[in-house]
Structure formats: C-alpha cells, structure tokens
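Below are the chains, spelled out letter by letter.
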Amino acid sequence: MLTLETNTENNVESTTGEKPSKRRGLIFFLILSIAANIVLFLLYWQENNRASQVITEKETVLVERDNVKSDLLQLKEDYSTLQTNNKKIQSELDLKKVQIDSLIQEADKHKGDSWYISKLKKETATLRKIMQGYVQTIDSLNTFNKTLLKENVQVRTQFLTEKEKTTSLKKEKEDLEGVISTGSILKASGTKAFGIIVRSGGRKESETKKARKSDKIKVTLTIGENTLAKKGNRLVYLRVVTPDGKELSRAMDDANSFSFNGVRGFFCARQSVDYENAELPVTLYAESVQKFIAGKYLIEVYCDQNLLGQTTLVLE
C-alpha cells in the first residue's frame, strides 16, 4: 500500500510541471510573431516613405529644370536684342548666345539630375549679370559715340571754314575785286521747280507731284542781263533743303560743299555756264540717293556766293 501511494504522487507532480512549461513556450512564440510583424510593418512604412520622397524629389527637379530652361530661352532673347558697332563686344555677345544654346541642351540631357540643374541655375544667373554689364557698356559707348560725332561735326565744320579761308578766300577776293558795285551781282528770274519721272533712258521726262514717283527734281531759271557783270565761265550751284531740314547732296564732304552768304553748305547739282552779259537760261537737276520724301522742299540757286533765285516745291 505504501509503494502504490508513492508512485501516484510522483505522476501527479510530473503532469503538473509540464503544463506551465508549454504555456510559457506558446506565449513566447506569440510575442516573437507580434514583434516580427511590427518590424516588417515598420520596414514597409519606411520603404514606402522613401519611394514617395524619391518621386517628390524627381518632380521637383523636373520643375526646376523647366524653370531653368525657360530662363535660358528668355536670356538668349535678351542677348539677341543687344546690338553694337563694336566688333569685339559683338563677337563676345555671339559667343554668349552659343553658350546659352549649349546650356539648354545640357538642361534637357540632365533633366533628372538635381545637382546639375542647380549648377545650370547658377550659370544662368551669372550670364544674366554679365549681360547687365554689356548693357551698361553699350549704353556708355552709344553716349560716347554721340558726343564724339557731335564733336566731329563741329571740328569738321571748323575745318571746312578754315580751309576755305586759307585756300579759297584769296581767289574769291581777287574775283570780287573786279566787281565795282552791287549792281554787278547776277540775278535770275522765273525760278521754277517740279518733280519729274525719267523714261526711255533719260530721253523723256514727265512732271509728277508724287514724291515716291519722282526720279529727280528739275529746276529752271533765267539769269538776267547785266552789263556790269564780269563775262566768262560761272559755276551755278543748286541747294535743296528737304522737308526734314537736311541738305540734299551726293556726299557730305569737301567735294560737294560750297560757300554762300558767308557760310558753307552742300549742293546737290553744279553746272558751269558761259555768261556773256545777256539772258541765259539754266536747267539743273537734283537727285537723291534715297527716295524723295513727301513735304515741302526749299530750292535755292547760287552763283558767285550770291543767291540767283529761289522757290519751293511741295511733293505729295
């Protein structure tokens, strides 16, 4: 009886010990599974955020690329508006436009590279600053050129005056010594002017009042009889002032200038005539390098620095 009771008590104790051990193992497994799921969820969440961030960064880079490309295209247009007669500066401007074209191509080539797009943005800003410097330089050159041109005109006028004084004054004085009174000065009558159309190689002429149709301005007058005037060859000058206040001339140089009324001006036609103290008809033609413009023309004819006759002509 004692032996049986002892075995029974041992069996009970063995069974009771196995149950807590299995329970602890199950609980540990559950905790491990939950922890693993949490870790997997966190990894998934991080990866998803990383992918979203990459997409956002790429979209931002594309927007920056488009902005940089737009700035480059505008910059190229701005450079194209800069024009100068300075060959060195113009050459540099042309090189800058080529450089901008290269940067536009680089923007398309590296559209997803944020670092490269940032670099292009900085280069664009630098080129714009350089352009502003060119604008100031060109403005300064234009101002300087205008000042220089004005000074050149003044110097040239003074030069013509001085040259006239040293080369022509003596001859003009000798010629005028033969004139004993104002009565010897030549005068003309019937001064007329009209626009003409030239046809058949210059053999036919027809009058016109239209500026755009006029090939020449024809001026006719008659030098009057004057027994006190000196006989011989005379140079008759035609001076035409256009509606915009300019003197009509083949070129603004010494070869096309003459003296009248104590000043110098430019003629558009000159003719040598043989004056024999009798009435002498004269015809002169004024031509223009460019088309005649509409408006009122002042017509003056001079000889021996004196006004022979004058009239006006209105071309439509």
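(A) A look at the sheet that holds strand 1 (residues 188–199). Ordered in space as 2-1-3-8, the four strands form an open sheet in which the pairing is antiparallel. With one partner strand each, in any of the chains shown, strand 2 (204–208) and strand 8 (280–286) form the two edges of the open sheet. Sheet twist, expressed as the mean angle between neighbouring strand axes with direction ignored, is 40°. Here strand 3 (residues 216–223) pairs with strand 8 via seven bridges, running antiparallel. Its bridge partner lying in strand 8, Thr-220 is registered against Thr-283.

(B) Examining unusual backbone geometry more closely. Backbone geometry places Asn-277, a non-glycine residue, at a positive phi of 65°. Counting through the fold element by element, Asn-277 comes out in the loop between strand 7 (269–275) and strand 8. Even without being a glycine, Gln-305 presents a positive backbone phi close to 70°. Considering the arrangement of structural elements, one finds Gln-305 in the loop between strand 9 (295–303) and strand 10 (306–315). The exposure class of Gln-305 is partly exposed, given its relative accessible area of 23%.

(C) Seen up close, the layout of surface pockets. In this structure, the second largest pocket occupies an estimated 330 Å³ of space. Contributing to the lining of the second largest pocket are 17 residues, with Thr-242, Lys-246, Leu-248, Ser-288 and Gln-290 lying nearest its centre. For the lining of the second largest pocket, the residue count by class is seven nonpolar, four polar and six charged.

(D) Geometry of helix 2 (residues 87–109). Compared with an ideal rise of 1.5 Å per residue, which puts 23 residues at 33 Å, helix 2 spans 33 Å between its outermost C-alpha atoms and is within 8% of the ideal. Among the residues of helix 2, those classed as buried are Ile-89, Gln-90, Leu-93, Lys-96, Lys-97, Ile-100, Leu-103, Ile-104 and Ala-107. The N-cap of helix 2, judged by a side-chain oxygen 3.1 Å from the amide nitrogen of Lys-88 a few residues on, is Asn-86.

(E) The sheet that holds strand 7, seen in detail. Strand order in the open sheet formed by four strands is 7-4-9-10, with antiparallel pairing between adjacent strands. Every interior strand has two partners, whereas the edge strands, strand 7 and strand 10, have only one. The sheet shows a mean angle of 20° between the axes of neighbouring strands, direction not considered. In the sheet, strand 9 pairs with strand 10 via nine bridges, with the strands oriented antiparallel. Across the sheet, residue Gly-295 finds its bridge partner in strand 10, namely Leu-315.

(F) Quick peek at the confidence of the model for the protein. Predicted confidence across the protein gives a mean pLDDT of 81, with 84% of residues reaching 70 or more. Scored below 50 in pLDDT, residues 1–15 makes zero contacts in the model with residues more than four places away or belonging to other chains.

(G) Main features of the nonpolar core. If you look at the biggest cluster of nonpolar residues, it comprises 27 residues, and the most contacted ones within it are Ile-217 and Leu-238. Among the elements of the structure, strand 3, strand 4 (232–241), strand 7, strand 8, strand 9 and strand 10 are those that each provide at least two residues to this core. Counting 18 residues, the second largest nonpolar core, distinct from the first, contains Leu-72, Leu-75, Ala-107 and Met-131.

(H) Main features of the packing of aromatic side chains. Following the criterion strictly, the structure yields eight aromatic pairs and no others. When the centroid spacing of 6.1 Å and the interplanar angle of 65° are considered together, the rings of Trp-115 and Tyr-116 count as edge-to-face. What makes Trp-115 exposed here is its relative accessible area of 58%. Pairing Phe-260 with Tyr-302 gives two aromatic rings, centres 4.6 Å apart and planes at 40°, and the pair type is tilted. With Phe-260 in strand 5 (residues 257–260) and Tyr-302 in strand 9, this residue pair connects regions lying 42 residues apart in the sequence. Residue class for Phe-260 comes out buried when judged on its relative accessible area of 7%. Residue classification places Tyr-302 among the buried positions, given a relative accessible area of 2%. Here the aromatic cluster, defined as three or more aromatic residues joined through ring pairs, consists of Tyr-237, Phe-258, Phe-260, Phe-267 and Tyr-302. Lys-119 extends its terminal NZ or CZ atom over the ring of Tyr-116, reaching a point 5.1 Å from the ring centre.

How each quantity is defined
Residues numbered from 1 in each chain as written. Predicted model: local features only at pLDDT ≥ 70, side-chain atom pairs only at ≥ 80, totals over all residues. Heavy atoms only, no water. Pairing = 2+ DSSP bridges. Helix = DSSP H or I, 4+ residues; strand = E, 2+ residues; numbered from the N terminus. Axes fitted to C-alpha atoms, helices over the stretch in contact; angles between N-to-C directions. Buried < 20%, exposed > 50% of the residue type's maximum accessible area, 1.4 Å probe, protein only. 1 Å grid on protein atoms, 1.4 Å probe; cavity = no way out; pocket = protein on both sides within 12 Å on 5 of 7 lines; lining within 4 Å. Points joined across faces, edges and corners; volume = space filled by probe spheres on them. Nonpolar A, V, L, I, M, F, W, Y, C, P; charged D, E, K, R; others polar. Expected span 1.5 Å × (residues − 1). Polar contact = N/O pair within 3.5 Å; in protein donor to acceptor, adjacent residues only side chain to side chain. pLDDT = per-residue confidence, 0-100. Contact = heavy atoms within 4.5 Å. Core = buried A, V, L, I, M, F, W, Y, C linked by side-chain atoms within 4.5 Å. Phe/Tyr/Trp six-rings, centres within 6.5 Å; stacked < 30°, edge-to-face > 60°. Lys NZ or Arg CZ within 6 Å of the ring centre and 35° of its normal.

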